[in-house]
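Architecture and fold: a report
This is what each chain is made of:
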There are 2 protein chains.
Amino acid sequence: MAAQKRLNREDLVTTALAVADAEGLEAVTIRRVAQQHDVTPMALYRHFPDKDGLLLALADRLLSGAVLPEPDDRPWYDQLRDLLAAFVEALRPHPNAAVLAFRGMVTTEPGLAVTERALALMAAGGMSVEHSAETASHILGSLVALAIVAPGPPPGADPEEGDDAVRAKRATLLALSPRRYPYVVAAAEPLAACADTGLYFDRGVDMIVSGIRDAAGTETATSR
Amino acid sequence: MAAQKRLNREDLVTTALAVADAEGLEAVTIRRVAQQHDVTPMALYRHFPDKDGLLLALADRLLSGAVLPEPDDRPWYDQLRDLLAAFVEALRPHPNAAVLAFRGMVTTEPGLAVTERALALMAAGGMSVEHSAETASHILGSLVALAIVAPGPPPGADPEEGDDAVRAKRATLLALSPRRYPYVVAAAEPLAACADTGLYFDRGVDMIVSGIRDAAGTETATSR
DNA sequence: ACCTGAACACCGTTCAAGT
DNA sequence: ACCTGAACACCGTTCAAGT
């Protein structure tokens with residue numbers, strides 16, 4: 001991509017992310033990233049210990065895109081909703097790379113920051129340490145899943161290719177037996193690409209938050 | 001593993017799954033699976049079109065482990081809970097391979113069967129086609145995430161290795177600054193490995209179902 | 001300190017050939 | 001029909017060397 005005087009760690013991560021967005025995570029390769037910087041593959045080893053190091057840096061980059069809202073005095077669940085929305089907003093543009101966030105939640109600085117805030121808010125909601133720890137890994141995992149399976153064309157790739165993928169997926173679903181899969185066939189359109197992606201993510205976050213409120217409520221109810 | 005007279009597609013998938021469980025998905029390789037059957041790598045191409053075909057078959061195997069409960073006359077949300085519980089039960093033993101389920105939901109027969117039943121139950125709950133389609137990909141994705149991030153040693157690998165991983169993870173979390181990450185440090189133990197894995201999955205399913213009930217409720221409320 | 005070049009052990013996969 | 005063997009283009013990575 002951009003040939004420059006000095007190889008730079010951040011720039012390498014940037015092109016790695018670009019490759020992932022455009023061609024999928026399996027296309028990001030030491031040799032490929034090196035080539036895009038007109039450099040020998042071995043040059044990358046000055047900046048990352050190994051390929052796993054590159055991928056970890058990619059996870060870090062991904063999660064550092066989340067700008068966490070400052071704590072305020074609204075109810076804990078409203079603050080949690082905003083936190084989760086910020087988190088998912090960072091992953092949303094990069095569905096191909098989002099899988100990396102599974103590892104990154106506890107191994108990168110921005111991942112830990114999100115986890116910390118989520119734990120604090122659930123504690124404010126009256127959840128026990130054990131329950132909120134469980135719930136944290138659950139909800140953050142769910143949000144990553146939300147970004148991965150988001151129906152519709154991935155925002156990173158070129159729109160032409162994306163539309164082709166959507167068309168193909170819809171066609172596959174419509175080709176199914178309506179006797180065996182009546183509901184799937186009827187829902188082929190929204191399953192292939194949801195009408196409003198923003199709404200998709202908002203609803204996902206809402207569902208998670210209301211699930212947590214119920215869980216926190218029952219815990220408080222049974223504990224006294 | 002087992003050397004036999006004739007190469008068998010199902011047996012190949014079985015050893016592929018075993019490799020994934022023991023050493024991770026990146027260890028399952030055409031050459032590796034072939035070697036375990038004392039056969040040339042090329043022999044696998046009689047049974048799968050390419051490596052992707054192997055992985056797809058692996059996804060199919062994974063999802064076919066779910067024994068779907070028969071429809072009955074209980075409320076839709078109780079049936080949905082049982083459906084999701086059956087689904088997650090199939091993924092639970094194979095956290096390393098569970099990522100494949102993301103693709104398999106709409107590309108394998110057992111994946112479509114689960115999606116079909118989920119859509120039917122949400123329709124019974126009064127959800128629109130669009131909303132239930134969105135929600136289906138959300139909740140099934142969440143369950144896959146649940147299996148992937150389940151804290152604690154993976155059930156597939158040998159226990160010694162698993163305990164080492166848990167110990168290492170706990171140590172990493174405990175080494176963090178308690179000033180910056182007070183809640184994470186305090187929750188290091190349950191984050192590294194939850195006390196009761198069964199409870200972890202039950203709560204995950206419950207949270208999802210209660211989230212859906214809320215979503216279905218507000219939709220019905222606003223639509224009239 | 002930062003980058004190169006050759007080399008090694010691994011991949012997936014094609015093609016022609018064996019039985 | 002099913003499997004083999006050699007070959008090719010790709011990986012990640014080590015090691016010794018250049019500036």
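Everything below is about the structure printed above this text.
Note that this is a predicted model, so its numbers are computed, not measured. (Residues numbered from 1 in each chain as written. Chains lettered and ligands numbered in written order. Predicted model: local features only at pLDDT ≥ 70, side-chain atom pairs only at ≥ 80, totals over all residues. Heavy atoms only, no water.)

**Details of helix H1 (residues 9-23) of chain B**
Residue and element names in this part refer to chain B. Inclusion rule: Note on conventions: DSSP H or I runs of at least 4 residues are helices, E runs of at least 2 residues are strands, and numbering of each starts at the N terminus. By this rule, a helix spans an expected 1.5 Å times one less than how many residues it contains. Here, residues are in contact when the closest pair of their heavy atoms is within 4.5 Å. The term polar contact refers here to a pair of N or O atoms within 3.5 Å; inside protein, the definition further demands a hydrogen-donor-capable atom paired with an acceptor-capable atom, and it admits residues adjacent in sequence only when both atoms are side-chain atoms.
In this model H1 runs 21 Å from its N-terminal to its C-terminal C-alpha over 15 residues, within 8% of the 21 Å that 1.5 Å per residue would give. Next to the buried residues of H1 lie helix H2 (30-36) and helix H3 (51-64). You can read the cap of H1 off the contacts: a side-chain oxygen lies 2.7 Å from the backbone nitrogen of Glu10, and it is on Asn8. Residue Gly24 follows H1 closely and has a positive phi angle near 95 degrees.

**A word on the packing of aromatic side chains**
Applied cut-off: Working definition: a ring pair exists when centres of Phe, Tyr or Trp rings (six-membered ring for Trp) sit within 6.5 Å. Plane angles under 30 degrees give stacked, over 60 give edge-to-face, the rest tilted. For each residue, the accessible area found with a 1.4 Å probe, counting protein chains only, is set against the maximum for its type, and the residue is called buried under 20%, exposed over 50%, and partly exposed in between. Only when the NZ atom of a Lys or the CZ atom of an Arg is both within 6 Å of the ring centre and within 35 degrees of the ring normal do we say a charge sits over the ring.
Evaluated as defined, the whole model comprises four aromatic pairs over all chains. Relative to Phe201 of chain B, the ring of Tyr200 of chain B lies with its centre 5.1 Å away and its plane at 80 degrees, an arrangement referred to as edge-to-face. Both residues of the pair, Tyr200 of chain B and Phe201 of chain B, belong to the buried class. The ring of Tyr77 of chain A has Arg213 of chain A sitting right over it, with the charged end atom 3.6 Å from the ring centre.

**Regarding the protein's contact with DNA strand C**
Note the threshold: Residues are counted as near a molecule or strand when any one of their heavy atoms sits within 4 Å of it.
As a matter of local geometry, DNA strand C sits amid 15 residues, with Thr40 and Arg46 of chain A together with Thr29, Arg31 and Met42 of chain B nearest to it. Looking at DNA strand C alone, sugar and phosphate atoms form 50% of those within 4 Å of the protein. Here Tyr45 of chain B contributes a side-chain N or O atom positioned 2.9 Å from a phosphate oxygen of DNA strand C.

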